[in-house]
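Summary of structural features
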Amino acid sequence: MHSDDDAPTQALRQELQARASQAVLERVSRDSERKDIFIATIAHELRNMMAPLDAALEILDRGQANPELLGRALPVARRQVRHICQLVDDLLDVGRIVNDQVLLDRTPLLLQQLLDEGLSACAPLFSERQQQVSTRICSEPAWIRGDALRWAQVITNLLHNAGKFTQPGGSIDVSLQVDDEAHQAELRVADNGCGIARSELEAIFGIFRRERRTRGRPGLGIGLALVRRLVELHGGRIHAESAGPDRGATFVVRVPLMARRPRGAAAGIRAGRTLHA
């Protein structure tokens with residue numbers, strides 16, 4: 001038999017349950033809305049990629065005997081195909097992340113080498129946008145154990161993100177340092193671009209969220225979510241820093257170093273450089 005004192009407790013429990021249910025419904029609604037926006041953005045991105053590709057193919061079809069037309073159309077077609085392939089790869093990786101199916105092939109890796117390769121891969125973007133890239137790379141080798149393909153993905157995503165959201169003629173600073181006491185390496189990619197609102201510094205790493213809130217520039221919000229998950233799978237951490245919109249942004253990656261240098265590895269390497277687009 002229940003006393004009268006149980007009635008307020010039961011009413012409170014029911015109210016709390018109702019609030020919890022409402023919170024779940026609101027979260028599901030927000031997630032559904034973000035996915036709808038995400039799908040619409042994908043359609044927008046694909047349409048933007050396909051239009052130049054279609055135009056380039058039309059030029060190729062009409063100007064088969066014209067070397068000048070071929071020289072203009074082929075690079076456009078190749079570039080758009082690469083963009084589409086990258087988009088498809090990112091979408092596949094999103095599926096792997098959501099289902100926790102990302103597998104790593106762990107081998108000894110030298111971060112300096114991976115960073116140099118990433119800078120070379122992104123050099124055309126920096127050159128096209130006339131951006132200056134400065135590097136400060138420590139001479140002490142930063143050896144980590146990880147997946148070379150995935151780390152290349154992390155580095156190129158961060159560099160591409162900096163180039164994309166920095167105005168033409170802007171500057172990007174890349175640094176790699178080793179903290180012997182903490183036994184970790186720290187990679188920083190800083191730009192003087194559009195910046196990030198303080199309220200978005202954490203949200204930009206979420207799947208189905210935009211990379212940065214910029215004036216009329218949509219972003220799929222895949223790249224940074226992939227970067228965070230891949231860094232965490234390697235035992236590392238990543239966060240973003242920014243003083244606010246139009247005040248630049250910095251992405252900081254910290255990852256554990258190998259306990260021992262691989263046998264036969266060099267004791268030191270050449271320090272950084274400055275790239276002028």
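As a starting point, this report considers the structure included with it.

Reading guide: rules and limits
Residues numbered from 1 in each chain as written. Predicted model: local features only at pLDDT ≥ 70, side-chain atom pairs only at ≥ 80, totals over all residues. Heavy atoms only, no water. Salt bridge = Lys/Arg side-chain N within 4 Å of Asp/Glu carboxyl O. Helix = DSSP H or I, 4+ residues; strand = E, 2+ residues; numbered from the N terminus. Buried < 20%, exposed > 50% of the residue type's maximum accessible area, 1.4 Å probe, protein only. Phe/Tyr/Trp six-rings, centres within 6.5 Å; stacked < 30°, edge-to-face > 60°. Lys NZ or Arg CZ within 6 Å of the ring centre and 35° of its normal.

Before going further, it helps to examine the pattern of salt bridges. Inspection of the entire model under this criterion finds six salt bridges. As a salt-bridge pair, Glu-68 and Arg-72 come within 3.5 Å of each other at their nearest N and O atoms. Linking Glu-68 with Arg-72, this pair stays in helix α2 (residues 67–98), spanning four residues, or about one helical turn. By relative accessible area, Glu-68 is classed as exposed at 58%. Put simply, Glu-202 and Arg-228 hold a salt bridge, and the shortest N to O gap is 2.4 Å. Of the two residues, Glu-202 is situated in the loop between β5 (184–191) and α5 (223–233) and Arg-228 in helix α5; the sequence distance between them amounts to 26 residues. The exposure class of Glu-202 is exposed, given its relative accessible area of 51%.

Before going further, it helps to spend a moment on the packing of aromatic side chains. Summed over the entire model, instances satisfying the criterion amount to one aromatic pair. Where Phe-205 meets Phe-251, the ring centres are 6.1 Å apart and the plane angle is 80°; that geometry is what we call edge-to-face. Residue Phe-205 is found in the loop between β5 and α5, and its partner Phe-251 is found in strand β7 (residues 249–256); the two are separated by 46 residues along the sequence. In terms of burial, Phe-205 and Phe-251 fall into one category: buried. Positioned over the ring face of Phe-205 is Arg-228, at 4.2 Å from the centre of the ring.

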